[in-house]
Amino acid sequence: MDGEELELFERSLRHATASATGAELDAALVELGWHDALEVDRRASVALLFGLQGEAGSTSAALDHLVATATGLAAAASTGVVLPAIDRWDPPGVVHGRTLQVAGLVSSAGAECPEVVVAATAGDALVAATVPTESLGLRPVHGVDPWLGLHQIPAREVALPAEPTPVEGSWTDAVAAARLALAQQLVGTSRTMLRLAREHALDRVQFGQPIAGFQAVRHRLAETLVAIETAEAMIDAAWLDGDPGTAAMAKAVAGREARVAAKHCQQVLAGIGFTTEHDLHRFVRRALVLNGLFGSAKSITSAFGAELVESRQLPPLLPL
Amino acid sequence: MDIDEYRAAFDAWLDDNREQLAPAYEGKGTLDEQMAQIAKVKRLAFDADFGRWGWPERVGGLGGSTLFRAYLQEAVTARDLVEPGLFSMQEVLAPTMIDFAAPELAATMVARLLRGDETWCQGFSEPGTGSNLGSLSCRSVRDGDTWRVTGQKVWTSLAQYAQRCVLLTRSGTPESAHRGITALFLDMDSPGITVRPIETMHGSLEFSEVFFDDVVVPAERMLGAEGQGWSVAMDLLPYERSTALWQRAAFLHSRLQRLLEVAPPGSLDPLKLGEVTQTLYAFRARSRGTQHRMASGAPLGSETSIDKVLLATAEQAVFDLVADTLPAEVTVGDDVESHLWRTEYLYSRAASIYGGSSEIQRNIIARRLLDLGSDR
Ligand SMILES: Cc1cc2nc3c(=O)[nH]c(=O)nc-3n(C[C@H](O)[C@H](O)[C@H](O)COP(=O)(O)OP(=O)(O)OC[C@H]3O[C@@H](n4cnc5c(N)ncnc54)[C@H](O)[C@@H]3O)c2cc1C
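Predicted model only: the values in this text are computed from it and were never measured. Along each chain, residue indices are assigned from 1 in the same order as the chain's sequence is written. To label them, take the chains in the order written and letter them from A, then take the ligands in the order written and number them from 1. For a predicted model such as this one, the threshold for reporting local features is a pLDDT of at least 70, and the threshold for listing and counting side-chain atom pairs is 80 or more; totals across whole chains, interfaces and linings nevertheless cover every residue. With hydrogens and water stripped out, all remaining heavy atoms of the structure feed into the side-chain values.

Engineer: Any chance you could explain the overall build of chain A here in plain terms?
Structural biologist: For the purposes of this entry, the term helix denotes a DSSP run of H or I that reaches at least four residues, the term strand denotes a run of E that reaches at least two, and both are numbered from the N terminus. Each helix and strand counted, chain A has 11 helices and 10 strands in total. Throughout, radius of gyration means the C-alpha value; the globule benchmark is 2.2 Å times the number of residues raised to the power 0.38. Rg of the C-alpha trace for chain A: 20 Å, near the compact-globule value of 20 Å for 320 residues, within the 12% margin. Dimensions of chain A, computed from the C-alpha atoms along their principal axes, are close to 70 × 45 × 40 Å. Looking at chain A as a whole, 52% of its 320 residues qualify as buried. Should any heavy atoms of two residues lie within 4.5 Å, those residues are counted as being in contact. The contacts in chain A between residues at least 6 apart in sequence include a share of 70% that link residues at least 24 apart. About 13,700 Å² of surface is accessible on chain A, with carbon and sulfur atoms providing 53% of the total. Averaging the locations of the 24 positively and 37 negatively charged side chains of chain A gives two centres separated by 11 Å. Partly exposed residues are those whose accessible area sits between 20% and 50% of the maximum for their type, while under 20% is buried and over 50% is exposed, using a 1.4 Å probe and protein chains only. Throughout, the Shrake-Rupley method with a 1.4 Å probe supplies accessible areas, and for residues the shown protein chains are the sole cover considered. Neither His nor the chain ends is counted toward charge; the positive residues are Lys and Arg and the negative residues Asp and Glu. All charge positions are set by atom: Lys at NZ, Arg at CZ, Asp at CG, Glu at CD.

As structure tokens, this is what we get:
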């Protein structure tokens, strides 16, 4: 997509993500052709939508779509996708004969579908197991961020109604795609926290002046911008080199930096930011859950560090 | 020529001339040895044209993308041919010289710097003026066709080697702040200049005190107009804070790789190692973006303060990990490699100080990028 087209697309997406969430946003995305745009310009489509979802605090089935298309799981709109449990990134299912062991999460859109598909390992192979949604015993997640509309699958065994089908795509690619999208959503979430804290700093008067005049406040906001730009740069690198390892770094950095942003912005907003009368708490909550999806900063980073210790070989630097 | 062609050609040249390019010393070398090595590498690269690409033709370059310069810096660093911080001084000083010096002056002088025939230094800081550059007091008085300079600079890197200095002087009244500053390009062998090297914490005579006693500077050596010195500084600092730091990711990458190779079993904390590596790669990614912006002709400004904060964070994170992983080498080791780790650890402490401290960068980010208004 080029300049003008991209701008128009961004404007429509901004409007959609700001005015709708969940099923309504999904309908808007179909209408404005996000799924087609994804085929034409993957990077722009993912970066724009997820960044804006993060900024607006809205949610859609786009993450399910990315996971489904990367693995080649059933793409029918009426089929939901099972996502790994918090802080996990292995396939959510294991198939033994005609039984499926499954644990994980389902989005609000997925929970509305009559059937869901589970990426599962069967021996060394990756398969797609489709099961009736009602067989999973879904429970709506209240948790720290009930607005995200996630549903939990309590770990269980399900009898498979049909033979699972072999999967063309790779789970590694699905994880990388999800991580890049989530990293961008974390950055968007952080940007809104910074916007809210900045506005407050300029408006709130103490000791006869806006608190934005106090260096301790200014430096917290500056550090927040550094955190955001750090994550943004890492995401950029992951799109440039297309390596799942770099996507993992981007997700880890975005998750860690969103926590930094939350810490600083919460402190600047102080009392009002600690209430549900102010919007900040929604973004703080969202950042916590997004950090956990497809691996938290801590888990991804520990696993990466352990690989480095083992191989004693750093990945190559991003070329100029 | 595009960047891939340049990269391939330069890599091949570095391979072919490996022996000639190699330093004559083991480990870090003395400062004299490092400076001689830098001059040699610059001369060879310039004479083979690689050191000329990316610089404008009017100053002796061959034109083309500034990415070529970035790749040169990175490649000689990754191969351990030069001390990267000292080598990259030309990326701090030459761009501003090209923007502000009279065309004939830039045309004669810049090529000498690029070819390693000369070393230049940057006379900004003074005993009473570090972060608050606008308060500098080294005095310059206009006297016909000349300026007469009296005062002192401090922490002037490489002053004892330098043939020239980019000097900020107070030409206005003491109260004139940033409006009364004039930038001069002066010869370090001018009568009245005394240079006294100072030993740094990492054991090098890398910077000096410089005293000026009624030093005469021809008026055509002004950079920009009289009283425009602040614009010169504002033009120069973004390079010092970003593009001149590009090769440090390559340097830190090679040191972190070395740490992985020599770390005793069980000494590396995986979580810490993973975090440090991610921080380094994020700095690299940020820095790459800045290089590409410069190559596209965009002016560099306050956003480079983010690059500088990231460099300081990454460099100190890498060497904090070194100190945690190799405690004996860093503290009591006296072999060549231990000495190198210790020196580099100590030098990393300066990363949040030179080129504007991290606090100053945050002030700039708050004021210019977040538009938080004045802090007074
Ligand atoms: C290795 C090295 C090489 C150098 N090379 C050169 C060179 O070639 N040429 C040159 O001109 N200079 C050079 N310098 C000097 C360098 O630019 C200064 O050290 C730097 O600008 C800081 O000034 P200062 O040391 O006087 O610290 P000060 O300005 O005195 O600051 C002291 C402390 O106070 C903090 N502080 C100051 N003002 C504020 C504020 N407004 N808000 C919050 N905190 C504040 C600082 O962040 C710092 O932590 C070099 C320094 C080093 C370490």
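Engineer: Hey, could you run me through the interface of chain A and chain B in this one?
Structural biologist: How big an interface is tends to be reported as the loss of accessible area on association of its parts. In this assembly, 40 residues from chain A lie in contact with 51 residues from chain B. Of the roughly 4,000 Å² buried between chain A and chain B on both sides combined, carbon and sulfur atoms contribute 67%. One speaks of a salt bridge when a side-chain nitrogen belonging to Lys or Arg is within 4 Å of a carboxyl oxygen belonging to Asp or Glu. Taken together, the links from chain A to chain B amount to 2 salt bridges. In this structure, glutamate 229 of chain A and arginine 286 of chain B form a salt bridge, with 3.8 Å as the shortest nitrogen-oxygen distance. Accessible-area loss on putting two parts together, using a 1.4 Å probe and summing over both, is the definition of buried area adopted here.

Engineer: How should I be thinking about empty space enclosed by the protein in this particular structure?
Structural biologist: Picture a little ball the size of a water molecule; that probe, rolled over the atoms, points out where space is still empty. The pocket and cavity definitions rest on a 1 Å grid over protein atoms only: a 1.4 Å probe that fits but cannot leave marks a cavity, an open set with protein on both sides within 12 Å along at least five of seven lines marks a pocket, and residues lining either have an atom within 4 Å of a point. Grid points are joined across faces, edges and corners, and a volume is the space filled by probe spheres set on the points. Tallied over the full model, the rule gives 4 cavities of 30 Å³ or more. In this model, the largest cavity occupies a volume close to 130 Å³. Contributing to the lining of the largest cavity are 15 residues, with Thr59, Ser60, Leu63, Leu148 and Leu293 of chain A lying nearest its centre. Residue assignment for the lining of the largest cavity shows that the elements contributing at least two residues are α4 (42-56), α5 (62-71) and α7 (171-203) of chain A. Counted by class, the lining of the largest cavity contains 8 nonpolar, 6 polar and 1 charged residues. Here the second largest cavity is characterised by a volume of approximately 50 Å³. Residue lining of the second largest cavity: Lys42, Ala45, Gly51, Leu72, Phe87, Gln90 and Leu114 of chain B, and that is the complete set. Broken down by class, the residue content of the lining of the second largest cavity amounts to 4 nonpolar, 2 polar and 1 charged. Here the term charged refers only to Asp, Glu, Lys and Arg, the term nonpolar to Ala, Val, Leu, Ile, Met, Phe, Trp, Tyr, Cys and Pro, and the term polar to all other amino acids, Gly among them.

Engineer: Just to check I follow, could you spell out the nonpolar core for this structure?
Structural biologist: Definition of nonpolar core: a set of buried residues of the types Ala, Val, Leu, Ile, Met, Phe, Trp, Tyr and Cys, connected through side-chain atoms within 4.5 Å. If you look at the biggest cluster of nonpolar residues, it comprises 120 residues, and the most contacted ones within it are Trp34, Phe50, Met193, Leu221 and Phe294 of chain A. Ranked by the residues each element gives to this core, the list is headed by α7 of chain A, at 16 residues. Look past the residues within four positions of phenylalanine 50 of chain A in its chain and what remains in contact with it is Trp34, Ala62, Leu63, Leu66, Ala181, Gln184 and Gln185 of chain A. If you look at the next biggest cluster of nonpolar residues, it comprises 60 residues, including Trp13, Val41, Leu67 and Met97 of chain B.

Engineer: Could you clarify how one ought to interpret the domain arrangement of chain A in this entry?
Structural biologist: All names here are of chain A. Each assigned domain of chain A is listed with its residue range as follows: domain 1 (1-60), domain 2 (74-169) and domain 3 (171-311). Between domain 1 and domain 3, the C-alpha centre-to-centre distance is 21 Å. Listed per partner, the contact involves 12 residues of domain 1 and 12 residues of domain 3. Interface area for domain 1 against domain 3, summed over the two sides, is near 1,100 Å², with a carbon-plus-sulfur share of 60%. Ranking the residues of domain 1 by area buried against domain 3 places Arg43, Phe50 and Glu55 at the top, with a combined share of 48%. The interface formed by domain 1 and domain 3 contains 1 salt bridge. With a closest N to O distance of 2.4 Å, arginine 43 and aspartate 236 form a salt bridge. Polar contacts, as used here, are pairs of N or O atoms within 3.5 Å; protein pairs need one atom able to donate a hydrogen and one able to accept it. Residues neighboring in sequence count only if both atoms are side-chain atoms. Linking domain 1 with domain 3 are 3 residue pairs in polar contact (both at pLDDT 80 or more), by the criterion used here. In this document the domain limits rely on a domain assignment from an automatic tool or a database.

Engineer: For this particular structure, what's the right way to read the site of the ligand?
Structural biologist: Residues are counted as near a molecule or strand when any one of their heavy atoms sits within 4 Å of it. Every one of the 17 residues lining the ligand counts as a neighbour, but Ser125, Ser131, Trp155, Ser357 and Glu359 of chain B are closest to it. The environment of the ligand is shared, with nearby residues belonging to chains A and B. At a separation of 3.1 Å, a nitrogen atom of the ligand approaches a polar backbone atom of tryptophan 155 of chain B. Within the side chain of glutamate 359 of chain B, an N or O atom sits 2.7 Å from an oxygen atom of the ligand. Taken by itself the ligand offers 970 Å² of open surface, and the protein chains cover 67% of this. Going through the elements one at a time, β3 (146-157) and α14 (358-369) of chain B are the ones with two or more residues in the shell around the ligand. Counting residues domain by domain, the shell around the ligand receives three or more from each of domain 2 (121-227) and domain 3 (241-369) of chain B.

Engineer: Just checking my understanding: could you explain the packing of aromatic side chains for this structure?
Structural biologist: Ring pairs (aromatic) are described by centroid distance and by the angle formed between their planes. Residue and element names in this part refer to chain B. Aromatic pairs are defined between Phe, Tyr and Trp rings, using the six-membered ring for Trp, whenever the two ring centres lie within 6.5 Å; interplanar angles under 30 degrees are classed as stacked, those over 60 as edge-to-face, and all others as tilted. Summed over the entire model, instances satisfying the criterion amount to 12 aromatic pairs over all chains. Measuring from ring centre to ring centre gives 6.1 Å for tyrosine 347 and tyrosine 354, while their planes differ by 25°; the resulting arrangement is stacked. Taking the relative accessible area as the measure of exposure, tyrosine 354 reaches 24% and is therefore partly exposed. Pairwise contacts between aromatic rings join Tyr6, Phe10, Trp13, Phe50, Trp53, Phe68 and Tyr71 into one cluster.

Engineer: Hey, could you run me through the packing of helix α9 (residues 246-262) of chain B against helix α13 (residues 336-348) of chain B in this one?
Structural biologist: The relative placement of two packed helices is expressed as an angle between their axes plus a distance between the axes. Residues and elements named next belong to chain B. In the contact formed by α9 and α13, the axes pass within 13 Å of each other and the chain directions differ by 135°. Taken together, the axis directions place α9 and α13 in an arrangement best described as oblique. Read as a crossing pair, α9 and α13 show a hand that is left-handed. Contacts from Arg248, Phe251, Arg255, Arg258, Leu259 and Val262 of α9 reach α13 at Glu337, Leu340, Trp341, Glu344 and Tyr347. For the contact of α9 with α13, the residue count by class is 6 nonpolar, no polar and 5 charged. Angles here are taken between N-to-C directions and fall from 0 to 180 degrees, while the axes themselves are lines fitted to C-alpha atoms, restricted in helices to the stretch in contact. Working definition: roughly parallel below 35 degrees, roughly antiparallel above 145 degrees, roughly perpendicular at 65 to 115 degrees, and oblique for all remaining angles. Rotating anticlockwise by less than a right angle from the far helix to the near helix defines a left-handed crossing, while the corresponding clockwise rotation defines a right-handed one.

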